[in-house]
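Notes for the structure review
One-letter residues, chain by chain:
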Amino acid sequence: MPKHYRPPGKKKEGNAAKYITRSKAIKYLQITLPVFRRLCILKGVFPREPKKKVEGNHKTYYHMKDIMFLAHEPLLEKFRDMRAYDKKVKKAVAKKNRDLAHRLLTRKPTYTLDKLIRERYPKFIDALRDLDDSLTMVHLFAALPAVESERIQVKRIQNCRRLSHEWQAYISRTHSLRKTFISVKGIYYQAEVEGQKITWLTPHALQQVLTDDVDFNVMLTFLEFYETLLAFVNFKLYHSINVKYPPILDPRLEALAADLYALYRYFSANSRVPAVESQAVSSSGSEQAKTEKKGTQTDESELRLAQLQHQLPANEPGTLMHLVDAAAGEDDDDKETRECKTLFKNLKFFLSREVPRESLLFVIPAFGGVVSWEGDGAPFKEADEGITHQIIDRPTQGHIFLSREYVQPQWIYDCVNARIILPTDNYMVGRVPPPHLSPFVDNEAEGYVPEYAETIKRLQAAARKELLPMPGVDKQELDDPQNLLVEGIISRTEANEAAEKKRKMYDLEKQHHEQLKMELQGELYSASLSNKNMQSSVEITETREEFLPDLEQVVEDAASMSKVLMSRKKRSLYEAMQDLEVAVYQCGYVRYCRNFYFFFLDSLRRVSPPALLKN
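Residues numbered from 1 in each chain as written. Predicted model: local features only at pLDDT ≥ 70, side-chain atom pairs only at ≥ 80, totals over all residues. Heavy atoms only, no water.

**A closer look at the overall build of the protein chain**
Tallying secondary structure elements over the protein chain gives 27 helices and 9 strands in all. Split into buried and exposed, the 615 residues of the protein chain put 34% on the buried side. Across the protein chain, contacts joining residues at least 24 apart in sequence account for 63% of those joining residues at least 6 apart. A total of about 39,100 Å² of accessible surface is found on the protein chain, and carbon and sulfur atoms cover 54% of it. (Helix = DSSP H or I, 4+ residues; strand = E, 2+ residues; numbered from the N terminus. Buried < 20%, exposed > 50% of the residue type's maximum accessible area, 1.4 Å probe, protein only. Contact = heavy atoms within 4.5 Å. Areas by Shrake-Rupley, 256 points an atom, 1.4 Å probe, with all protein chains shown as cover.)

The structure is reproduced here in structure tokens:
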């Protein structure tokens, strides 16, 4: 009898009953392999790895419960209907009945994935946790060209672009962006939405070339699900800040490819709607009594016109890029959000045509800045006198305004990651910028801290008015010498030397801190510091008095404390040892005096006459 023999009629047990191969699952569901893959992607069913593969290691296994889950899916019947309908269209085309084929194509059955979204994500927080891949896929297809052979349609790309801009507009409006990093693959972003950190990757604004080793049918199936998921998330997020969804954008700005700026205008317009509606309700309440008496509808029509006029976004340059903050939401912001909101406050940026416009239009307003660009539809022109920084990425500049600073785009991203306004000297036009450090790497955990990271850390400490050790000095070298003296690690002479060294290091650290603070403020370290020499000398003497006289007092206190804590026997032994030390010291002193006396007599005997010695 074979080892795995199962008598006919006996029920399967173990892995043979729990798992099923892919070929058997396709036969069980009576569908093709592409439809099976599509259904598994939409439902979230993935292959399993059983402990014991009954039918061989070269086959793909699925859980039997998942296959039964797919068998009762209503979407499966919809796919079967669509397949039968496609056969009708092909039959009409083969019979050259164009009218019937056109009529069948216009009435083709469709389906929605709304039920699957609610089924896979019962709570909104679950959808946010699974949003990383969705955002990356949508941003990727938003930058791809339309290729009919790969079934990448223009309508699909426009929808991905719209969803990505709506997401970026919300993140910028709520100041939820936390980190950003430019890499070879693209630009990484990380935002915090309702306590969840969401990281996604956007490709560079370059011409994308499609490769042949990628199955776009599988990617389009994922994209179909991700588009629906992102639309649900955007709907929920927009309604959480009292903004209508989907947004209605300015067609002129859409034609100029300024969709993100059009969304900012939509946000600024909708933020004023609640106040206008409250005024309208109060005014309509007073006018309702008049309309009941007069019986006219002129006041209601004027009121509606006034509401529409207030809802339209203003077209004033310089004020359109401000995202109006609701008064109720300001108190709810945490410390990190307030810090991000005021990073680029009172700063005005202008983007040249060679810099990544969409990325900077997303990052700068997210941190409280005002930005414009070179082209049609911009809120203000390059000649505006209020511009403080111009982002440029070319070696030379023709016309230079003395009232603004010309920096490279990396300065924006480094300021965002450091959360301070960095000095612009290293980022000026024509210079090699410092290394672009990743905020996603923990340098201390990796065991290597770059030099520029140390510089940024000191600038942050200077902005917070803190003192840090100078470069190359370890914190262990600045331990308190008084504690080391009490513990018996060092002697009194070494403690005095350590106290003097600590005092000198304190003075140097204070001077270094003042230099960093002046550099952060944009000032030059010149001879103006000579006026502070008198104050520094007074502080030096005070610090010397602080460090040196305390040593003897600390030793006496430590000795008395240790003597109190001793037992009576140990205390008497300790006093005897002290008396012995004093006696030894006195004997040594007497011996020294006697030797000196004999040495003095011997020297006199050699140089003086004998008669003088007799006297």
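There is more to say after this.
**Description of the side chain of His389**
Among the secondary structure elements, His389 is positioned in strand β8 (residues 389–391). Under the relative-accessibility criterion, His389 is labelled buried at 8%. Within the structure, the side chain of His389 is placed 3.0 Å from the side chain of Thr388, a separation counted as a polar contact. (Polar contact = N/O pair within 3.5 Å; in protein donor to acceptor, adjacent residues only side chain to side chain.)

**Comments concerning the environment of Ser240**
Note on placement: Ser240 falls in helix α11 (residues 216–240). With relative accessibility at 42%, the residue Ser240 sits in the partly exposed group.

**Side note on the pattern of salt bridges**
Opposite charge on two side chains permits pairing when their charged atoms draw close. Following the criterion strictly, the structure yields 19 salt bridges and no others. For Asp66, the salt bridge identified is with Arg48, shortest N-O distance 3.3 Å. Residue Asp66 is found in helix α4 (residues 64–71), and its partner Arg48 is found in the loop between α3 (33–43) and β2 (61–63); the two are separated by 18 residues along the sequence. Across the pair Glu354 and Arg394 runs a salt bridge whose closest N-O atoms are separated by 2.8 Å. Taken as a pair, Glu354 in the loop between β6 (348–351) and α18 (357–366) and Arg394 in the loop between β8 and β9 (405–407) lie far apart in primary sequence, 40 residues in all. Given a relative accessible area of 29%, Glu354 falls into the partly exposed group. (Salt bridge = Lys/Arg side-chain N within 4 Å of Asp/Glu carboxyl O.)

**A closer look at the nonpolar core**
Phe36, Trp167, Phe344 and Leu422 are the most contacted members of the largest nonpolar core, which totals 100 residues. No other element matches α11, which puts 11 residues into this core. What Leu422 contacts, discounting residues up to four positions off in sequence, is Trp411, Asp414, Cys415, Tyr427, Tyr452, Ile456 and Leu459. Ranked by size, the runner-up nonpolar core spans 5 residues in total, among them Tyr85, Ala92, Ala101 and Leu104. (Core = buried A, V, L, I, M, F, W, Y, C linked by side-chain atoms within 4.5 Å.)

**Brief notes about helix α5 (residues 74–94)**
The terminal C-alpha atoms of α5 lie 31 Å apart, and with 21 residues this matches the ideal 30 Å at 1.5 Å per residue to within 8%. Of the residues making up α5, those classed as buried are Leu75, Leu76, Phe79, Met82, Tyr85, Val89 and Ala92. On the buried face of α5, the contacting elements are α2 (22–29), α3, α4, α6 (98–106) and α7 (114–120). Two residues or fewer past α5, Lys96 is found with a positive phi of approximately 60 degrees. (Expected span 1.5 Å × (residues − 1).)

**Points about the packing of aromatic side chains**
Using the criterion set out here, one finds 17 aromatic pairs in the structure. Among the aromatic residues, ring-to-ring pairing joins Tyr121, Phe222, Phe225 and Tyr226 into one connected group. Here Lys348 stacks its cationic end above the ring of Phe380, 4.5 Å away from the centre of that ring. (Phe/Tyr/Trp six-rings, centres within 6.5 Å; stacked < 30°, edge-to-face > 60°. Lys NZ or Arg CZ within 6 Å of the ring centre and 35° of its normal.)

**Topic: the environment of Lys43**
Within the fold, Lys43 resides in helix α3. Taking the C-alpha atoms as reference points, Lys43 and Glu119, separated by 76 residues in sequence, lie 9.0 Å from one another. Among all residues touching Lys43, those that are not within four sequence positions of it are Phe69, Leu70, Glu73, Leu116, Glu119 and Arg120. In this structure the side chain of Lys43 is engaged in a polar contact, spanning 2.5 Å, whose partner is the side chain of Glu73.

**Remarks on the sheet that holds β9**
With parallel pairing, the 4 strands of this open sheet are ordered in space as β7-β6-β8-β9. Unpaired on one side and paired on the other, β7 (370–373) and β9 mark the two borders of the sheet. Sheet twist, expressed as the mean angle between neighbouring strand axes with direction ignored, is 25 degrees. One ladder, built from 3 bridges, connects β6 with β8; its direction is parallel. Bridge pairing in β8 links Phe350 to Gln390. (Pairing = 2+ DSSP bridges. Axes fitted to C-alpha atoms, helices over the stretch in contact; angles between N-to-C directions.)

**Concerning the pairing of β7**
Residue alternation in β7 divides its side chains into two sets, Val370 and Ser372 and Val371 and Trp373, and both sets are buried. Taken together, the 4 bridges between β6 and β7 define a ladder with parallel strand orientation. Note on β7: the bridge partner recorded for Phe350 is Ser372. For the crossover from β6 across α18 to β7, the handedness is right-handed. (Right-handed = clockwise from strand over helix to strand, strands pointing away.)

**Re the packing of helix α9 (residues 132–142) against helix α10 (residues 154–174)**
Closest axis-to-axis distance for the α9/α10 pair is 8 Å, and the angle between their directions is 125 degrees. Considered as vectors, α9 and α10 are oriented oblique to each other. In the packing of α9 onto α10, the handedness of the crossing is left-handed. Facing Leu135, Val138, His139, Phe141 and Ala142 of α9, the residues of α10 in contact are Ile157, Cys160, Arg161, Leu163, Ser164, Trp167 and Gln168. (Parallel < 35°, antiparallel > 145°, perpendicular 65-115°, else oblique. Left-handed = near helix turned anticlockwise from the far one by under 90°.)

**Some words on the packing of α3 against α11**
Remark: α3 packs on α11, axes separated minimally by 9 Å, with the N-to-C direction vectors making an angle of 35 degrees. Between α3 and α11 lies a crossing whose hand is right-handed. Counting all contacts with α3, which are made through Arg38, Ile41 and Leu42, the residues of α11 involved are Val218, Thr221, Phe222, Glu224 and Phe225. Classifying every residue of the contact of α3 with α11 by side-chain character gives 5 nonpolar, 1 polar and 2 charged. (Nonpolar A, V, L, I, M, F, W, Y, C, P; charged D, E, K, R; others polar.)

**Focus on the sheet that holds strand β4 (residues 187–193)**
Across the sheet, which stays open at both edges, the 3 strands sit in the order β3-β4-β5 with antiparallel pairing between neighbours. With one partner strand each, in any of the chains shown, β3 (177–182) and β5 (196–202) form the two edges of the open sheet. Each neighbouring strand pair of the sheet contributes to a mean axis angle of 15 degrees, computed without reference to strand direction. In this sheet, β4 lies alongside β3 in antiparallel orientation, the contact comprising 5 bridges. When the bridges of β4 are listed, Thr180 appears paired with Tyr189.

**Brief notes about a negative patch on the surface**
A cluster of acidic residues, Asp442, Glu444, Glu446, Glu451 and Glu454, forms a negative patch on the protein surface. Taken together, the elements giving at least two residues each to the negative patch come down to α20 (443–446) and α21 (451–463). Here Glu444 shows up in helix α20. You can call Glu444 exposed: its relative accessible area is 65%. (Patch = residues over 30% accessible without salt bridge, like charges linked within 9 Å, V, L, I, M, F, W, Y side chains within 5 Å. Lys, Arg positive; Asp, Glu negative; His and termini not counted. Charge placed at Lys NZ, Arg CZ, Asp CG, Glu CD.)

**Details of unusual backbone geometry**
Pro246 follows Tyr245 through a cis peptide bond whose omega is 0 degrees. Relative to the elements of secondary structure, Pro246 occurs in the loop between α11 and α12 (251–255). Positive phi outside glycine occurs at Arg419, with the angle close to 65 degrees. Residue position: Arg419 is located in the loop between α19 (410–418) and α20.

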